[in-house]
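An overview of the molecular structure
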Amino acid sequence: MLHNRLTIRLVLSLTTALLIMLLVSMAITLRMQEDTLRAQAAERAKQFAASQQIQLDLAINTRIKALRVLKQNLIKWQEPHPELRDESGLKVLFDSLWLIDREGTLIDYWDVDANREAALADMPSLADSAVFQAARESDTIIISDPVDNYIGYPPVLQFAYRLKDDQEFLGVVVGNMLLQEHDLFRRLSNLEIGNGGYLSIVSHNGTVLVHPNPNTTLTRLPEHKFARFSDVAEGNSRVVHMNSFNDVPSIISVNRFSVTQWYVAVVQPEEGVYAPMHDLRRTQLQVFGLGGSIAILLFVILIYFQIRPIRTLSKQTERIIAGKAQFLVVPKLIELRPLVERFNSLLMQNITQKRTLEERKIYFDTVLQTSPIGQFMTEPSGKFEFINKKLEELTGFTLAELRNTGMRVHIIEEDVPKVVEAWTKVIKESVPSEIDFRFTRKDGGVIWLHVETTPVFNQGKCLGHVGSVRDVTSSYAEIENLRTLATIDSLTGLLNRRGQEQALTKAIMNARLFNDKLIVLVIDLDGFKAVNDEVGHDMGDQMLKEVAQQLVKNTRETDFIGRMGGDEFIVILPKCPLNRAREIADRITHDIGNIHVTLNCPGVTASIGLTDLRDDDSDFDELVRRADKAAYAAKHAGRNRVFEDLLL
């Protein structure tokens, strides 16, 4: 039902809108949460990197100052200098201390590991080492890159000062920090920042000094990644979103040490940064799901009550359709009142129009049923849709019987071909038509029917056909009666002059009444006197009979044929087109010219005069005289021919 479909559509529409709104709200919330978490993570990384950079700068400065004091003491005391193992303050800051003379020989040392310290006794000359060469040439502190080429020593960072007195190079003092064992580096590598974040230190050439993954320590960053690190450290934001050391999308804050060309990086993987957002998403889905379910339930309830007036209108409409009511009840809902009032107005118009149509139909049916002639309507295919009472009386068949059997089975067999031809043309070409044929009534009687049909068009489309049917049996009977009464010529059996006058007078009257064509032929035999003179009057009589038979053979049943006297004949052709009349005249001329072959007598031909009815013809005599003159003209023009006197 309409209101049920409307309810479903409203619920679906509102539910869809609600779901879209909830999804958009959740997406916006998550986006804002993502931006907030990203900004917070970036700020946290930035602050933590800055604080760690300060602390590490302090730690390195402390070691530089302590080593500088030792350098000054060694220059001051020279020989014998204090042993390095007695430097308790430095032993807290470094994992080992070396004193190298000007030749590069290790002359004093201390190591936190006794085994390594014992192995230092066999340390070869360090004169070629990078840190010795660099310190020899500089008065400032030298901080090396990781060194891992000392026999028996793990990777180490070296802090070195040159010993010089009065421009004389005395040697180098070195403080070593083991990358993987020193408390400072171990603490930094184990430092956890947020959810999965960590701290890393990278040297000036991209070597990773500190990283929680031992396999990453002492590896070199790709050039493009290290260049990015350098650019970030020199920039203002000092935060970048990029893949980390292990190609994990991360938020990274980079700061450069102030006392050395190292970089401290705080790395926070985005997965850890956005972890709270995943929990928020689950919570939102639960909240939105519950809220959406409650909202949908409320929608259904509200729509149910709001749609109730429409359900009422739907039921009232069904009652109107069923004929149990005429109008809708105007509802209290203001929004629906104009619609209902307009609908009721249309119903009133419909009732008025229907009443008018019914009255006109009654009038029309009365006209049809009281019509003195039969009336019918057919479909475009020719099947009957309506017949009036008069047509039922004429045929004896009801509409149902004619629809069931059709007309063809009741038509006399000799007339079927011409009726089928005419009716086929009517259906295929949608043209008017009229035809006479014999019809067998239901009671078995045979009558002549004159049927006229006209197609009905609407915007070029044929809707069907309408037509009239008249019983013309009396006309045909009258014609037959005229023929019988006028056939007093015992020789030919044709109309005599009296019959000709009656037939021609009636034909002229019908032609003028129905605006039909009327053609008259006058036939004058050529050479007939020779038959009487040479063969005898009996052969002459036989010749006249044969001529009469040829005239009957070449004309229609509705035509009139008469003998004017002697060897002159007349043919009256009602409703005959000119071309058809010419064909009839030519056939008559031909057939009469061949009679002598059958009778074995002198040849006889026909001179025929052909004329038509004109508006100024006052009576039949004028028409006959004109045809007779035309026959006379044909005879003098050479005989055996047709001469026409027509009004062109």
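Everything here concerns the structure above.
These notes cover the structure that comes with them.

Criteria and cut-off values
Residues numbered from 1 in each chain as written. Predicted model: local features only at pLDDT ≥ 70, side-chain atom pairs only at ≥ 80, totals over all residues. Heavy atoms only, no water. Helix = DSSP H or I, 4+ residues; strand = E, 2+ residues; numbered from the N terminus. Buried < 20%, exposed > 50% of the residue type's maximum accessible area, 1.4 Å probe, protein only. Contact = heavy atoms within 4.5 Å. Areas by Shrake-Rupley, 256 points an atom, 1.4 Å probe, with all protein chains shown as cover. Pairing = 2+ DSSP bridges. Axes fitted to C-alpha atoms, helices over the stretch in contact; angles between N-to-C directions. Expected span 1.5 Å × (residues − 1). Patch = residues over 30% accessible without salt bridge, like charges linked within 9 Å, V, L, I, M, F, W, Y side chains within 5 Å. Salt bridge = Lys/Arg side-chain N within 4 Å of Asp/Glu carboxyl O.

1. Quick notes on the overall build of the chain
- Check the secondary structure of the chain and you find 20 helices and 20 strands.
- By the burial criterion, 44% of the 648 residues in the chain qualify as buried.
- If you take every contact in the chain between residues at least 6 apart in sequence, the share linking residues at least 24 apart comes to 55%.
- Element-wise, carbon and sulfur atoms account for 54% of the exposed surface of the chain, whose accessible area totals about 35,600 Å².

2. Side note on the sheet that holds strand β17 (residues 560–565)
- Taken together, the five strands give an open sheet; going across it, the order is β17-β18-β16-β19-β20, and neighbouring strands pair in mixed fashion. Each of the sheet's edge strands pairs with one partner strand only, and the pair in question is β17 and β20 (642–645). Between one strand axis and the next, the sheet turns by 20° as a mean value, whatever way the strands run.
- Taken together, the five bridges between β17 and strand β18 (residues 568–574) define a ladder with antiparallel strand orientation. From the neighbouring strand, Phe 560 faces β18, where its bridge partner is Ile 572.
- Sheet strands touched by helix α17 (residues 537–553): β16 (518–526), β17 and β18. Its angle to β18, the strand with the most contacts, is close to 10°.
- Sitting on the sheet, helix α18 (residues 578–592) is in contact with β16, β18, β19 (605–612) and β20, with an inclination near 165° to β19.

3. Focus: the pairing of strand β1 (residues 96–101)
- The buried fraction of β1 is high, at six of six residues.
- Along β1, one buried face is formed by Ser 96, Trp 98 and Ile 100 and the opposite face, lined by Leu 97, Leu 99 and Asp 101, is buried too.
- As defined by bridge partners, β1 adjoins strand β5 (residues 168–178) across six bridges and the pair is classed as antiparallel. Directly across from Ile 100, in β5, lies its bridge partner Val 172.
- Strand direction decides the pairing type here: β1 and strand β2 (residues 106–111), joined by five bridges, are antiparallel. Counterpart to Ile 100 in the pairing with β2 is Leu 106.
- Linking two consecutive strands that pair antiparallel, namely β1 and β2, is a turn of four residues; a positive phi of about 95° is found at Gly 104 within it.

4. Structural notes on the environment of Ile 411
- Note on placement: Ile 411 falls in the loop between α12 (399–405) and α13 (416–429).
- Residue Ile 411 is classed as buried on the basis of its relative accessible area of 8%.
- As a C-alpha pair, Ile 411 and Leu 449 span 38 residues in sequence and 10.0 Å in three-dimensional space.
- With residues up to four places along the chain from it excluded, the contact list for Ile 411 reads Val 416, Val 419, Phe 437, Arg 438 and Phe 439.

5. A short note on the side chain of Arg 614
- Inspection of the secondary structure assignment puts Arg 614 in the loop between β19 and α20 (620–636).
- Excluding anything up to four places from it in sequence, Arg 614 contacts Arg 512, Arg 626, Asp 645, Leu 646 and Leu 647.

6. Quick word on α17
- In this model, α17 (17 residues) spans 24 Å end to end at C-alpha, consistent with the 24 Å of a helix rising 1.5 Å per residue.
- Where α17 is concerned, the buried positions are Met 539, Gly 540, Met 543, Leu 544, Glu 546, Val 547, Ala 548, Gln 550 and Leu 551.
- Packing partners of the buried residues in α17 comprise β16, α16 (528–534), β17, β18, α18 and α19 (595–599).

7. Topic: a nonpolar patch on the surface
- Together, Leu 290, Ile 294, Leu 297, Leu 298, Ile 301 and Leu 302 make up a nonpolar patch on the protein surface, roughly 580 Å² of accessible area in all.
- Residue classification places Ile 294 among the partly exposed positions, given a relative accessible area of 45%.

8. Observations concerning the pattern of salt bridges
- With the rule as written, the count across this model stands at 18 salt bridges.
- A salt bridge links Arg 116 to Asp 111, with the shortest nitrogen-to-oxygen separation between them at 3.0 Å.
- A salt bridge links Arg 438 to Asp 415, with the shortest nitrogen-to-oxygen separation between them at 3.0 Å. Residue Arg 438 is found in strand β13 (residues 433–440), and its partner Asp 415 is found in the loop between α12 and α13; the two are separated by 23 residues along the sequence.
- The exposure class assigned to Asp 415 is buried, which follows from its relative accessible area of 5%.
- Taken together, the shared-partner salt bridges connect Lys 517, Asp 612, Arg 614 and Asp 645 into one network.

9. Focus: the sheet that holds strand β6 (residues 198–202)
- Taken together, the five strands give an open sheet; going across it, the order is β7-β6-β10-β9-β8, and neighbouring strands pair in antiparallel fashion. Both outer strands of the open sheet, β7 (208–210) and β8 (239–243), are each paired with one neighbouring strand and no more. The average angle at which neighbouring strand axes cross in this sheet is 35°, direction not considered.
- Sheet topology note: the strand β9 (residues 249–256)/strand β10 (residues 263–269) ladder contains seven bridges and is antiparallel. For Ser 250, the partnering residue across the bridge sits in β10 and is Pro 269.
- In the packing of helix α6 (residues 223–234) onto the sheet, contacts are made with β6, β8, β9 and β10, and the angle to β8 comes to roughly 165°.

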